[in-house]
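Chains, contacts and geometry: an overview
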Amino acid sequence: MTKKFGPATLTVATWVLAILFVFPLLWMILTAFKQEADAYTDPPKLFFTPTLDQFAGVFERGFLPYLGNSAFVTVLSTAFVLLLGVPAAYALSLAPVKGTSNALGFFLSTKMLPIVAAIIPLYVISQKVQLLDNVWMLIILYTSMNLPLAIWMMRSFFLEVPTEMIEAGRIDGANLPTLLRKIIAPVVAPGIAATALICVIFSWTEFFYSVNLTAARAGTVPVFLVGFITSEGLYWAQLSAAALMASLPVMIVGWVAQNHLVRGLSMGAVK
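Parameters at a glance
- Residues numbered from 1 in each chain as written.
- Predicted model: local features only at pLDDT ≥ 70, side-chain atom pairs only at ≥ 80, totals over all residues.
- Heavy atoms only, no water.
- Helix = DSSP H or I, 4+ residues; strand = E, 2+ residues; numbered from the N terminus.
- Buried < 20%, exposed > 50% of the residue type's maximum accessible area, 1.4 Å probe, protein only.
- Contact = heavy atoms within 4.5 Å.
- Areas by Shrake-Rupley, 256 points an atom, 1.4 Å probe, with all protein chains shown as cover.
- Lys, Arg positive; Asp, Glu negative; His and termini not counted.
- Charge placed at Lys NZ, Arg CZ, Asp CG, Glu CD.
- Salt bridge = Lys/Arg side-chain N within 4 Å of Asp/Glu carboxyl O.
- Arc of directions from axis to C-beta.
- Expected span 1.5 Å × (residues − 1).
- Bend = angle between axes of the 7 residues up to and from the residue.
- Phe/Tyr/Trp six-rings, centres within 6.5 Å; stacked < 30°, edge-to-face > 60°.
- Polar contact = N/O pair within 3.5 Å; in protein donor to acceptor, adjacent residues only side chain to side chain.
- Axes fitted to C-alpha atoms, helices over the stretch in contact; angles between N-to-C directions.
- Parallel < 35°, antiparallel > 145°, perpendicular 65-115°, else oblique.
- Nonpolar A, V, L, I, M, F, W, Y, C, P; charged D, E, K, R; others polar.

Tallying secondary structure elements over the protein chain gives 13 helices and two strands in all. For the protein chain, the spread of C-alpha atoms along the three principal axes comes to 70 × 70 × 30 Å. Taken across its 271 residues, the protein chain has 37% of its residues classed as buried. Within the protein chain, contacts between residues at least 6 apart in sequence are counted, and of these 76% link residues at least 24 apart. Total accessible area on the protein chain stands at roughly 15800 Å², and carbon and sulfur atoms take up 72% of it. Here the protein chain holds 15 positive side-chain charges and 12 negative ones, and the gap between their average locations is 12 Å.

In structure tokens form, the structure reads like this:
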């Protein structure tokens with residue numbers, strides 16, 4: 001009896017958990033198409049006339065500049081992380097030298113300082129170098145924020161590369177750039193894609209640096225969302241529309257790269 005209904009019970013439990021996790025997102029999508037009056041009803045209104053007024057209101061409040069800032073900062077900081085992290089991960093995994101463990105410990109220690117403890121020095125430095133309220137300051141900070149994590153992740157991916165492949169390439173006369181491009185890169189590509197996706201998510205959703213170091217010109221999407229918290233209360237329908245629009249780029253990227261993400265994480269990042 002247990003064997004017969006075991007898989008069915010597991011399937012039902014899986015669906016229940018999936019619905020519980022996805023329900024807030026579904027409710028946000030539903031609320032985004034409501035009028036403000038319909039979003040405040042008690043009990044909640046499940047049947048209503050959908051409207052796009054909230055999305056139009058989001059654009060009228062100047063959403064596009066914040067979206068552009070987030071996209072610019074996220075893409076460039078992720079590119080810099082990969083540009084710096086891939087060689088570092090290779091050196092710390094396939095070509096280790098004296099002091100490798102110390103370097104890894106240093107990278108990990110940089111994540112132990114709470115960012116709130118460094119915000120005042122960072123604010124003063126930004127002001128002194130005239131990068132306050134500037135997207136380039138966020139790019140520098142997001143690169144430094146994600147680089148240690150990326151190096152640790154990509155190092156685990158590089159450790160999965162069979163040494164026999166590298167030795168065979170060297171015997172055939174391949175130099176280091178050729179080894180990286182033609183032998184190592186195809187093997188670790190899913191891992192690099194997974195690392196890039198995680199860096200994109202962390203950069204896109206980062207709030208603390210952006211809200212403290214930007215004002216009018218360099219604000220990102222999370223800062224824009226805070227604008228819906230007013231003394232009059234929350235505009236739930238419009239906030240849901242803005243949150244949905246802010247989430248769509250990351251959800252689309254995650255959907256497109258989901259195969260690479262699963263393959264990358266299975267290579268060793270979560271082992």
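Back to the write-up after that little detour.
Under the counting rule described, the total for this entry stands at two salt bridges. When the shortest N-O distance is used, the salt bridge between Lys45 and Asp38 registers 3.0 Å. On the accessibility criterion, Asp38 (15% relative accessible area) is buried.

We now examine the environment of Phe72. As for its placement among the helices and strands, Phe72 is situated in helix 4 (residues 63-93). Placed 179 residues apart in sequence, Phe72 and Met251 show a C-alpha to C-alpha distance of 17 Å. Dropping the residues within four chain positions of it, Phe72 is found in contact with Val135, Trp136 and Ile139.

Among the residues of helix 5 (residues 100-109), those classed as buried are Thr100, Leu104 and Phe107. One face of helix 5 carries all of its buried residues, which in axial projection span an arc of 60°. What points out from helix 5, more than 90 degrees from its buried face, is the exposed set Ser101, Asn102 and Phe106. Buried positions along helix 5 lie against helix 4 and helix 7 (135-158).

Counted at 1.5 Å a residue, the expected span for helix 9 (residues 176-205) with its 30 residues is 44 Å, but the 36 Å between its end C-alpha atoms falls short. Along helix 9, the largest kink reaches about 65° and is centred on Ala185; proline Pro186 follows within four residues of it.

Within the element layout of this structure, Pro249 appears in helix 12 (residues 236-256). Taking the relative accessible area as the measure of exposure, Pro249 reaches 27% and is therefore partly exposed. Taking C-alpha positions, Pro249 is 8.9 Å from Ala71, a pair spaced 178 residues apart along the chain. With near-sequence residues (within four places) excluded, Pro249 lies in contact with Leu67 and Trp204.

Summed over all chains, the structure comprises eight aromatic pairs. With a centroid separation of 6.1 Å and 85° between ring planes, the pair formed by Phe59 and Phe63 is classed as edge-to-face. Seen in terms of ring centroids, Tyr66 and Phe224 are 5.2 Å apart; in terms of plane orientation they differ by 45°. Their pairing is tilted. One end of the pair, Tyr66, is in helix 4; the other, Phe224, is in helix 11 (residues 221-226), and 158 residues separate them in sequence. Chaining the aromatic ring pairs together yields one cluster made of Phe59, Phe63, Tyr66, Phe224 and Phe228.

Before going further, it helps to examine the side chain of Thr51. Take Thr51: it is sitting in the loop between helix 2 (36-39) and helix 3 (53-60). Judged by its relative accessible area of 11%, Thr51 falls in the buried class. A polar contact of 3.1 Å, which involves the side chain of Thr51, links it to the backbone nitrogen of Asp53.

Here the focus is the environment of Tyr40. Tracing the sequence through the fold places Tyr40 in the loop between helix 2 and helix 3. On the basis of relative accessibility, which here comes to 45%, the residue Tyr40 falls in the partly exposed class. Placed 197 residues apart in sequence, Tyr40 and Ala237 show a C-alpha to C-alpha distance of 8.7 Å. What Tyr40 contacts, discounting residues up to four positions off in sequence, is Leu234, Tyr235 and Trp236.

Interaxial distance between helix 9 and helix 12 falls to 10 Å at its minimum, and their mutual angle equals 175°. Here helix 9 is positioned roughly antiparallel relative to helix 12, judged by the angle of their axes. Along the contact surface, helix 9 presents Leu197, Ile201 and Trp204, while helix 12 presents Ala246, Pro249, Val250, Val253 and Gly254. Broken down by class, the residue content of the contact of helix 9 with helix 12 amounts to seven nonpolar, one polar and no charged.

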